Amino acid sequence: MKRWWLLLVLFSGALLADDCALRGTGDLAIVIERADGAVQIVETTHNTAIARVEGLGDLSHASVVYSRDGRYAYVFGRDGGLSKVDLLCARVEKRVIQSGNSIGGAISQDGRLIAVSNYTPGGVKVFDADSLELLADIPATWGNGLRSKVIGLVDAPGRRFVFSLWDAGEIWVADMQDPRHPRITRFRDIGRNPYDGLITPDGRYYIAGLFGEDGMAQLDLWHPERGVRRILDHYGRGEKKLPVYKMPHLEGWAVAGDRAFVPAVGLHAVLVIDLRDWRELARIPVHGQPVFVEARPDGREVWVNFAFPNNEKVQIIDVETLKVTHTLEPGKGVLHMEFEPRGEEVWISVRDRDRVQVYDTATHRLLRELPARKPSGIFMAARAHRIGL
Amino acid sequence: MWRRIGIVASSLAVSAALAQSAAPSAQRQAELESMLLQDCGSCHGLTLKGGLGPALRPQALAGKPRQWLIDTIRDGRPGTAMPPWGPILSDADIAWLADRLLRGAPGKEVKR
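Values in this document were obtained by computation on a predicted structure and should not be read as measured data.

K.L.:
Looking at this structure, how should I read the interface of chain B and chain A?
P.N.:
A common way to report how large an interface is uses the accessible area buried once the components associate. Each partner contributes to the interface: chain B provides 21 residues, whereas chain A provides 21 residues. Interface area for chain B against chain A, summed over the two sides, is near 1700 Å², with a carbon-plus-sulfur share of 58%. The largest contributions to the chain B side of the interface with chain A come from B:Q38, B:L46 and B:L52, which together make up 34% of the buried area. At the junction of chain B and chain A, the tally comes to one salt bridge. Of the charged contacts in the structure, one is a salt bridge between A:R351 and B:D39, with a shortest N-O distance of 3.8 Å. At the surface where chain B touches chain A, the tally comes to five residue pairs in polar contact (both at pLDDT 80 or more).

Shown next, in the form of structure tokens:
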């Protein structure tokens, strides 16, 4: 206990240094400390904490995108805060409160626009990435003047943003060629309550998971004129669903070879999709309801964490046998996992133990633990160069 | 003055009702408090100001009967993302959570 405080004191000392680091950011990452409205900046070469940045508001559901040069992290907070954090100087460069209640964001293909998806008032706002000046406001209106909560916002090639409307059951594509005058294409009746969306790493397919019914909605961005089609609409049919205590996430796309791995909603299962025909190939029984299903960057393994009340474990699936080969027990409140860019190590946040853990992905051994206060999302700066992240 | 006596009287009535279902231990209360903020907070916001689910602060819940709140926590709200917590929480846990929400910040008296 004593040592813990000593660390904290040393740590605060580091914060007071006001000089900016002369270094690259390719091996840096941000760890969200959700209860404190703070982030830690960590480096993944020696696995140490570098600095802590405070004053970012309510981070109970926070996410991060990176500027194309990897220097700035844009942190999206639950309270509608959009903060631009300088990783080298470890400080908040700019910050705006852009709505009452926000859920996530994206950076455009060219790095010039930041889009934020909002619950209240429902819609998307688009900002200049340098100045955080508001360029466009896209209210998610539907039905009789209602506004829908917006989820699953991603960037797509062609300077587009794609997102889904939870209440309306729609997917919208915003063409941002003229940032102040977005051109919107609406796809209606895509299914009930899309809860999250993802884009494949090549930027071609946008896929929304549906909470209100079975299956997923898929839009081929090479051929938007073909409309949205339903995939996997037979999984879970006729089965009794379990109560869902935490919404699954679809961020990233666990692809290994020609198979994709996604969380099943309301089932203790990971679904395997054959990418050649978008059908369910297999269903892998796991420890709980999956939240994140992530492929190791080499595609050899898929790592899974789970919803409350089964969130103390992480399971590892072998993609050849489609079986769980390892079960790790980091402790209660495993909220997120993030692989280092080449996949030799993975970072895992363990909220209830106030720890971030680093595992060797070849041996599955715990290498290191770092103190972090109620850690949630972990975001590597290498995301700067990937479509949809 | 009369109003205050009224509040005291009705909170006594509530305490009496609570006593019947045996209030959770101090340790359990701490677990429930943490669950409320961290897990309920996933949807309702860490500060309970709302998110995917509605706000759960006392002002937002004003006028909602205690029993309605208990039923909602226990059975969920079919057709929405609110799951039933009955399978993993006892009746006493649920009653404690309902009162905690109506009361607002931990440690305050229930005003009804």
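Resuming the write-up.
K.L.:
Sorry, what's going on with the packing of helix 4 (residues 66-75) of chain B against helix 5 (residues 91-103) of chain B here?
P.N.:
When two helices pack together, their arrangement is given by the angle between their axes and by how far apart the axes lie. Residue and element names in this part refer to chain B. Interhelical geometry of helix 4 versus helix 5 gives an angle of 125 degrees and a closest axis separation of 9 Å. Accordingly, the angle class assigned to the pair helix 4 and helix 5 is oblique. Here the hand of the crossing between helix 4 and helix 5 comes out right-handed. Counted together, R66, L69, I70, I73 and R74 of helix 4 and D91, I94, A95, L97, A98, D99, L101 and L102 of helix 5 form the full contact between these two elements. Split into classes, the residues belonging to the contact of helix 4 with helix 5 amount to nine nonpolar, no polar and four charged.

K.L.:
Help me understand unusual backbone geometry in this model?
P.N.:
Most peptide bonds adopt trans geometry, and most residues besides glycine take a negative phi value. Residue and element names in this part refer to chain A. Here the bond from T120 into P121 is cis, since omega is -10 degrees, no more than 30 degrees from zero. For P121, the location among the structural elements is in the loop between strand 9 (113-120) and strand 10 (123-128). In this model, F308 is joined to P309 through a cis peptide bond whose omega is 0 degrees. Mapping P309 onto the fold places it in the loop between strand 27 (301-306) and strand 28 (314-318). The backbone of D189 shows a phi angle near 50 degrees, a positive value even though the residue is not glycine. Inspection of the secondary structure assignment puts D189 in the loop between strand 17 (183-187) and strand 18 (194-199). At N193, a position not held by glycine, the phi torsion is positive, near 50 degrees. Along the polypeptide, N193 turns up in the loop between strand 17 and strand 18.

K.L.:
Help me out: how do you make sense of the state of the cysteines in this one?
P.N.:
By definition, a disulfide is the covalent link that joins the sulfur atoms of two cysteine residues. This structure, assessed with the given rule, holds one disulfide over all chains. Note on B:C40: no disulfide assigned, nearest cysteine sulfur contributed by B:C43 at a separation of 9.2 Å.

K.L.:
Explain the sheet that holds strand 11 (residues 134-139) of chain A here, please?
P.N.:
Hydrogen bonding along the main chain pairs the strands of a sheet, whether they run parallel or antiparallel. Residues and elements named next belong to chain A. Pairing is antiparallel across the open sheet formed by four strands, whose spatial order is 8-9-10-11. Of all the strands in the sheet, the pair left with one neighbour each is strand 8 (101-107) and strand 11. Neighbouring strand axes in the sheet, compared pairwise and without regard to direction, differ in orientation by 20 degrees on average. With six bridges connecting them, strand 8 and strand 9 associate as antiparallel partners. Within strand 9, the position partnered with I107 by the bridge is I114.

K.L.:
It is not clear to me how the pattern of salt bridges should be interpreted in this structure. Could you clarify?
P.N.:
Any two side chains of opposite charge can pair, so long as their charged atoms come close to each other. This structure, assessed with the given rule, holds 33 salt bridges over all chains. A cluster of three or more residues bridged by salt bridges with shared partners is formed by A:E33, A:D36, A:R52, A:E54 and A:R373.

Cut-offs and rules
Residues numbered from 1 in each chain as written. Chains lettered and ligands numbered in written order. Predicted model: local features only at pLDDT ≥ 70, side-chain atom pairs only at ≥ 80, totals over all residues. Heavy atoms only, no water. Contact = heavy atoms within 4.5 Å. Buried area = accessible area lost by both parts, 1.4 Å probe. Salt bridge = Lys/Arg side-chain N within 4 Å of Asp/Glu carboxyl O. Polar contact = N/O pair within 3.5 Å; in protein donor to acceptor, adjacent residues only side chain to side chain. Axes fitted to C-alpha atoms, helices over the stretch in contact; angles between N-to-C directions. Helix = DSSP H or I, 4+ residues; strand = E, 2+ residues; numbered from the N terminus. Parallel < 35°, antiparallel > 145°, perpendicular 65-115°, else oblique. Left-handed = near helix turned anticlockwise from the far one by under 90°. Nonpolar A, V, L, I, M, F, W, Y, C, P; charged D, E, K, R; others polar. Disulfide = S-S within 2.5 Å. Pairing = 2+ DSSP bridges.

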